[in-house]
Amino acid sequence: EPVSVREVDGTNYIIFRGSDFEGADSRREFMENILNIAGSNELFSNPIYNSRLQQATQELLKLEAEGKRVKIISYSLGTIFASRLNALFPRVPTSLYSPVLADNENTRQFMEKYSNQNPNVEMFGIENDPISVNLQKYKDKFKVKYTTKSRYFDNHKLENYLFNN
């Protein structure tokens, strides 16, 4: 699932996964990546693409209404949606791993407004990751931590965080 909820040690994690180009929704996810790179607002206004954000918002509101602890975590393409959810709920702790940040005006404007909210967010990057290369542009505005790429994995693999922390 593009969005899931898991409870671990009393914290409910809203999890946005990265792209799955081999799954049933691979065509849609390819288009989400293209829309992100292009800086298109359609990523958030078109129901075909923004269902992740809608689902996660409903889950977060439900969990908070029940008085449960919530944290947002995401990887790769999922960070686009997780950062938007965190912008709506800046108090919710959020971790973005290997964020895919486009180099366009739409992303720059969002990141500026997002940083001004003083959100409860940490961003994690892998040194020399070509997919998350634009993360370095925001290291002065957000808490950004870099890890060294493991010799066992490609640069843009979540597993790098497990073996190099």
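The following refers to the structure shown. None of the values given here were measured: they were computed from a predicted structure.

Parameters at a glance
Residues numbered from 1 in each chain as written. Predicted model: local features only at pLDDT ≥ 70, side-chain atom pairs only at ≥ 80, totals over all residues. Heavy atoms only, no water. Helix = DSSP H or I, 4+ residues; strand = E, 2+ residues; numbered from the N terminus. Buried < 20%, exposed > 50% of the residue type's maximum accessible area, 1.4 Å probe, protein only. Contact = heavy atoms within 4.5 Å. Areas by Shrake-Rupley, 256 points an atom, 1.4 Å probe, with all protein chains shown as cover. Pairing = 2+ DSSP bridges. Axes fitted to C-alpha atoms, helices over the stretch in contact; angles between N-to-C directions.

1. Looking at the overall build of the protein chain
Move 1: Of the regular secondary structure elements, the protein chain holds six helices and six strands.
Move 2: Reading the secondary structure of the protein chain in the N-to-C direction produces β-β-α-α-α-β-α-β-α-β-β-α.
Move 3: Evaluated residue by residue, the protein chain yields a buried proportion of 46% over its 165 residues.
Move 4: Contacts in the protein chain between residues at least 24 apart in sequence constitute 56% of all its contacts with a sequence separation of at least 6.
Move 5: Split by element, the accessible area of the protein chain, about 9,000 Å² in all, is 49% carbon and sulfur.

2. Some remarks on the sheet that holds strand β3 (residues 69–75)
Move 1: Spatially, six strands are ordered β1-β2-β3-β4-β5-β6 in an open sheet, and the strand pairing comes out mixed. Each having just a single partner strand, β1 (3–8) and β6 (143–147) make up the two edges of the open sheet. Sheet twist, expressed as the average angle between the axes of neighbouring strands with direction ignored, equals 20 degrees.
Move 2: Strand direction decides the pairing type here: β3 and strand β4 (residues 94–97), joined by four bridges, are parallel. The residue bridging Tyr75 from the neighbouring strand is Tyr97, located in β4.

3. Considerations on the pairing of β1
For a regular strand, the rule is simple: side chains alternate between the two faces of the sheet.
Move 1: With six bridges joining them, β1 and strand β2 (residues 11–16) adopt antiparallel strand pairing. Pairing of Val5 across the sheet is with Ile14, part of β2.
Move 2: What sits between β1 and β2 in their antiparallel hairpin is a turn of two residues, with Asp9 showing a positive phi close to 50 degrees.

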